[in-house]
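Structural features, examined
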Amino acid sequence: MAALPASVGVPAGPSAARRSLARDAAQKRIGALYQQPPRAGEGGETVRLVVPSYYQVDKAVVVNVPAVPAGLARRPTMEVDVQTGAGVEMWIVLPKGGGGWVHADLRLKLAPDAAAAVVFAPHSACSHDRAAPTLRTLLPVVVKHCLPPPTRRSSAAAAANSATTTSLSATLAPRSILHVDYLTLSSPQKATQRHAFDIVLGHRAETKVSGVTLAASGEESSVGKKTASVACIDGYVTHAGEGSKSDVKLSSALRGGCVYECGVRTDVKKEAKEASALQRLRSTVLAAGDGSNVRSWPSVTQRPQLNIEPASVESAEHGATSAALPASRLHFLTSRGVPLRRARTMLVSSEVSSVLSILPTPLISAAHRFIEKRMS
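Rules and cut-offs
Residues numbered from 1 in each chain as written. Predicted model: local features only at pLDDT ≥ 70, side-chain atom pairs only at ≥ 80, totals over all residues. Heavy atoms only, no water. Phe/Tyr/Trp six-rings, centres within 6.5 Å; stacked < 30°, edge-to-face > 60°. Helix = DSSP H or I, 4+ residues; strand = E, 2+ residues; numbered from the N terminus. Buried < 20%, exposed > 50% of the residue type's maximum accessible area, 1.4 Å probe, protein only. Pairing = 2+ DSSP bridges. Core = buried A, V, L, I, M, F, W, Y, C linked by side-chain atoms within 4.5 Å. Contact = heavy atoms within 4.5 Å. Salt bridge = Lys/Arg side-chain N within 4 Å of Asp/Glu carboxyl O.

**A look at the packing of aromatic side chains**
Following the criterion strictly, the structure yields two aromatic pairs and no others. Where Phe120 meets Tyr182, the ring centres are 4.8 Å apart and the plane angle is 5 degrees; that geometry is what we call stacked. Taken together, the positions of Phe120 in strand E7 (residues 115–122) and Tyr182 in strand E9 (residues 177–186) put the pair 62 residues apart, joining distant regions of the chain. We note that Phe120, like Tyr182, is buried.

**Some remarks on the pairing of strand E5 (residues 87–94)**
Judged by how many residues are buried, E5 sits mostly within the fold: eight of eight residues are covered. Across the two faces of E5 the burial is the same, with Gly87, Glu89, Trp91 and Val93 and Val88, Met90, Ile92 and Leu94 all buried. Taken together, the four bridges between strand E3 (residues 61–64) and E5 define a ladder with parallel strand orientation. Its bridge partner lying in E5, Asn64 is registered against Val93. In terms of strand pairing, E5 meets E7 through eight bridges, oriented parallel. The partner of Gly87 across the bridge, within E7, is Ala115.

**Some points on the nonpolar core**
Membership of the largest hydrophobic core comes to 48 residues, with the highest contact counts inside it found for Met90, Leu106, Leu108, Leu178 and Phe197. When residues in this core are grouped by element, the largest group, five residues, is from strand E6 (residues 102–110). If we skip the residues at most four places from it in the chain, Phe197 touches Leu168, Tyr182, Val209, Ile233, Asp234, Gly235, Tyr236, Val237 and Val248. Residues Val212, Leu333, Val348 and Val352 belong to the second largest nonpolar core, which totals 31 residues.

**Things to note about the pattern of salt bridges**
Under the counting rule described, the total for this entry stands at 10 salt bridges. The residue Arg194 makes a salt bridge to Asp234 at a minimum N-O spacing of 3.2 Å. Of the two residues, Arg194 sits in strand E10 (residues 192–201) while Asp234 sits in strand E12 (residues 230–239), which places them 40 residues apart along the sequence. You'll find Arg194 and Asp234 in the same group, each marked buried. A salt bridge links Asp247 to Lys249; the nearest nitrogen and oxygen atoms lie 3.9 Å apart. Each member of the salt-bridge network shares a partner with another, and the members are Glu79, Asp105 and Arg107.

**A few points about the pairing of strand E14 (residues 259–268)**
Among the 10 residues of E14, nine are classified as buried, and the element is accordingly described as predominantly covered. Sheet topology note: the E12/E14 ladder contains 10 bridges and is parallel. The residue bridging Thr238 from the neighbouring strand is Asp267, located in E14. Both E14 and strand E16 (residues 299–308) contribute to a ladder of 10 bridges, which runs parallel. The residue of E16 that forms the bridge with Val259 is Ser299.

**Brief notes about the side chain of Asp81**
Mapped onto the elements, Asp81 comes out in strand E4 (residues 77–82). Its relative accessible area of 17% is what places Asp81 among the buried residues. Setting aside anything within four residues of it in sequence, one finds Asp81 in contact with Arg48, Leu49, Val50, Val51 and Lys109.

So, in structure tokens, the structure goes:
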């Protein structure tokens with residue numbers, strides 16, 4: 001389970017009796033959402049969840065997003081309003097790949113001193129590990145197919161063959177905290193997976209985005225062919241308040257002729273004095289087969305961007321690295337009796353461990369299973 005970030009500077013709040021009434025009201029509201037489907041609107045189905053002030057949701061709110069055949073143009077939208085001093089943990093569970101289209105739109109609004117944790121998890125992470133939350137459906141609607149919504153920067157690879165698309169937009173009030181965790185497992189059967197997030201930070205608000213992408217394709221895959229798996233991540237973080245902090249760490253391991261595109265932009269406004277911004281993008285590539293064919297290598301595009309308006313920032317750092325799996329380390333392990341498949345598994349796991357170790361336990365287990373099965 002993901003550890004809910006502790007809210008800082010939360011005042012004493014209302015009395016115990018009022019907190020008890022707020023807790024009962026929240027349980028009834030959440031229970032009603034479990035039982036009643038949301039009303040269908042013009043743009044799709046919309047559910048709105050309000051977490052009352054100083055109420056901590058002790059169990060994870062799980063949203064199961066089913067895949068359906070393409071054909072219609074509605075998408076579900078979930079609006080979550082976390083009021084002052086409250087906390088909530090949400091799991092967005094994506095279905096198995098193949099045979100359908102998926103779109104999930106989550107909009108968060110955090111009041112002062114509020115805290116939230118959002119986990120985008122593949123279905124395999126919640127179907128194998130007992131530590132995962134119970135798979136209850138908070139959004140009991142049939143998700144209709146739709147094209148990805150327009151964003152500030154469109155990706156040609158994502159627009160060509162979109163299969164799974166998630167978008168997160170969040171506005172953080174003063175002293176609020178948001179943690180976002182991603183695990184993307186992409187194989188040829190899952191086609192394109194695209195994640196987008198847009199986070200605006202207020203006065204002394206903090207956000208931490210951690211994501212791991214694992215993609216594998218066959219030796220004959222190439223850019224533009226349906227057999228290649230495609231993973232795209234577009235992120236935007238805006239520092240609009242003094243003393244705000246952001247930490248974005250995205251790591252990936254890619255094998256075969258898959259396509260990976262990752263772009264993160266951080267804007268620091270002039271009123272965001274003493275802000276702290278960090279971006280770290282890292283990719284490890286492996287060839288399918290002996291690597292003699294150029295199509296057996298992944299296609300990687302990483303775009304870290306940092307835009308700072310005239311302001312006295314505390315710290316700002318951004319960068320991206322991409323490298324092949326070190327052949328010397330692989331030779332070292334195999335020369336000491338470690339089987340080749342096991343050696344590759346160990347090295348790939350170590351390359352993404354710095355970010356993978358931050359994720360919840362079910363996501364770590366699912367990532368290790370994927371590495372052993374498809375990347376060794």
